[in-house]
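Summary of the model geometry
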Amino acid sequence: METTRKHKVPEMEGFQARWYAKNRGTEAQLAQYRRQAAEVTAGLADGAEILEVAPGPGFFAVELAKRGYRVTGLDISHTMVEIALEEARKAGVDVGFRQGDVTQAPFAAESFDFVICQAAFKNFRQPVTALNEMHRVLRPGGFAVIHDLNHEATGADIDREVAGMKVGVVSGFTVRQTLSWLRRRAFTPAQFEALAAESAFGGCSVTVDGLGLEVRLTR
């Protein structure tokens, strides 16, 4: 039986959600989302159906939609869904953002070709259940990618990440403190491998890149 993580991170709503969206919507960040969208969809069929789990303000999902994919976003935060829908409207793309919990994903089995989750998995209270739901909604042969903080990242890794965001001195200090706190909640590569082994996926591959890590899982 899965062990539920004790500490719950409050969902970002209201002012906090809008502050986060503002800091994630800088030109440097948007350029990074464009690069990531090209990288993670390499080899994915045109018109494939994608689910982004915890898309937040929706910038990455919008970039995926611009590339011609059919994109759905599922976020626990009502405010984030509102922000994401507005970002999609401004970009002129159709993304099906909806509010909900990944541990009880409101989608039929085998609905998606690809599932992506960025910077949120460490906050899930039931990580194995979340993985099982990702597995359930994937079509056979589909895959999931999780990008998140690496618990073993260093302070220097955080400094480099914040410098690349180009958010200014004051916001940079706040972001640095936030990342340091979130890193303590994050998983190590070995822990991710153990979670994946316990899940319906049965295993995963993990790539470490300084502050972050990439987890790939195939159905």
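Heads up: the structure comes first, above all this text.
What this report covers is the structure whose coordinates are included nearby. (Residues numbered from 1 in each chain as written. Predicted model: local features only at pLDDT ≥ 70, side-chain atom pairs only at ≥ 80, totals over all residues. Heavy atoms only, no water.)

**Here's the deal with the side chain of glutamate 63**
With respect to the secondary-structure elements, glutamate 63 resides in helix α3 (residues 59-66). With a relative accessible area of 8%, glutamate 63 lands in the buried category. If we ignore the near neighbours within four places in the chain, the residues touching glutamate 63 are Tyr33, Arg34 and Ala37. (Helix = DSSP H or I, 4+ residues; strand = E, 2+ residues; numbered from the N terminus. Buried < 20%, exposed > 50% of the residue type's maximum accessible area, 1.4 Å probe, protein only. Contact = heavy atoms within 4.5 Å.)

**Let's talk about the packing of helix α2 (residues 27-40) against α3**
Their axes nearest at 9 Å, the elements α2 and α3 cross at an angle of 50°. By the angle between their directions, the pair α2 and α3 is classed as oblique. You can see that α2 and α3 cross each other, and the crossing is right-handed. Along its contact with α2, which presents Leu30, Tyr33, Arg34, Gln36, Ala37 and Val40, the element α3 presents Phe59, Phe60, Glu63 and Leu64. Residues of the contact of α2 with α3, tallied by class, amount to 7 nonpolar, 1 polar and 2 charged. (Axes fitted to C-alpha atoms, helices over the stretch in contact; angles between N-to-C directions. Parallel < 35°, antiparallel > 145°, perpendicular 65-115°, else oblique. Left-handed = near helix turned anticlockwise from the far one by under 90°. Nonpolar A, V, L, I, M, F, W, Y, C, P; charged D, E, K, R; others polar.)

**Remarks on helix α8 (residues 189-198)**
An α-helical segment advances 3.6 residues per turn. Residues three or four places apart therefore align on the same side. Every buried residue of α8 is listed here: Pro189, Phe192, Leu195 and Ala196. Each buried residue of α8 sits inside an arc of 120° when the element is viewed along its axis, so together they form one side. Against the buried residues of α8 lie α5 (127-137), β5 (138-149), β6 (205-209) and β7 (212-218). (Arc of directions from axis to C-beta.)

**Here's the deal with the packing of α3 against helix α4 (residues 78-91)**
In a packed pair of helices, the relevant descriptors are the angle between the two axes and the axis-to-axis distance. One can describe the packing of α3 onto α4 by two numbers: an axis separation of 9 Å at closest approach and a directional angle of 35°. You can see that α3 and α4 cross each other, and the crossing is right-handed. Touching Phe59, Val62 and Lys66 of α3 are Glu87, Ala88 and Ala91, all from α4. Class assignment of the residues belonging to the contact of α3 with α4 gives a composition of 4 nonpolar, no polar and 2 charged.

**Here we look at the pairing of β7**
Every regular strand shows the same layout, with side chains that alternate between the two sheet faces. Side chains of β7 alternate between two faces, with Leu213, Val215 and Leu217 buried and Gly212, Glu214, Arg216 and Thr218 left unburied. Strand direction decides the pairing type here: β5 and β7, joined by 7 bridges, are antiparallel. Within the sheet, the bridge partner assigned to phenylalanine 143 lies in β7 and is threonine 218. Across 5 bridges, β6 lies against β7 in antiparallel orientation. If you follow serine 205 over to β7, its bridge partner there is arginine 216. With antiparallel pairing between neighbouring strands as the criterion, β6 and β7 make up a hairpin whose turn holds 2 residues, including glycine 210 at a positive phi of roughly 60°. (Pairing = 2+ DSSP bridges.)

**Focus on the packing of aromatic side chains**
Taken as a whole, this structure holds 8 aromatic pairs when the rule is applied. Consider the rings of phenylalanine 114 and phenylalanine 143, whose centres lie 4.6 Å apart with planes at 35°: the pair is tilted. Of this pair, phenylalanine 114 sits in strand β4 (residues 112-118) while phenylalanine 143 is found in strand β5, placing the two residues 29 residues apart along the sequence. For the pair shown, phenylalanine 114 and phenylalanine 143 are each scored as buried. Consider the rings of phenylalanine 121 and phenylalanine 192, whose centres lie 5.2 Å apart with planes at 35°: the pair is tilted. In this pair, phenylalanine 121 is assigned in the loop between β4 and α5 and phenylalanine 192 in helix α8, connecting sequence segments 71 residues apart. Classification of phenylalanine 121 as buried rests on a relative accessible area of 0%. Looking at phenylalanine 192, the relative accessible area reads 2%, which means it is buried. (Phe/Tyr/Trp six-rings, centres within 6.5 Å; stacked < 30°, edge-to-face > 60°.)

**A closer look at the environment of leucine 30**
Residue placement: leucine 30 occurs in helix α2. Judged by relative accessible area, leucine 30 falls into the buried class, the value being 18%. Placed 29 residues apart in sequence, leucine 30 and phenylalanine 59 show a C-alpha to C-alpha distance of 7.1 Å.

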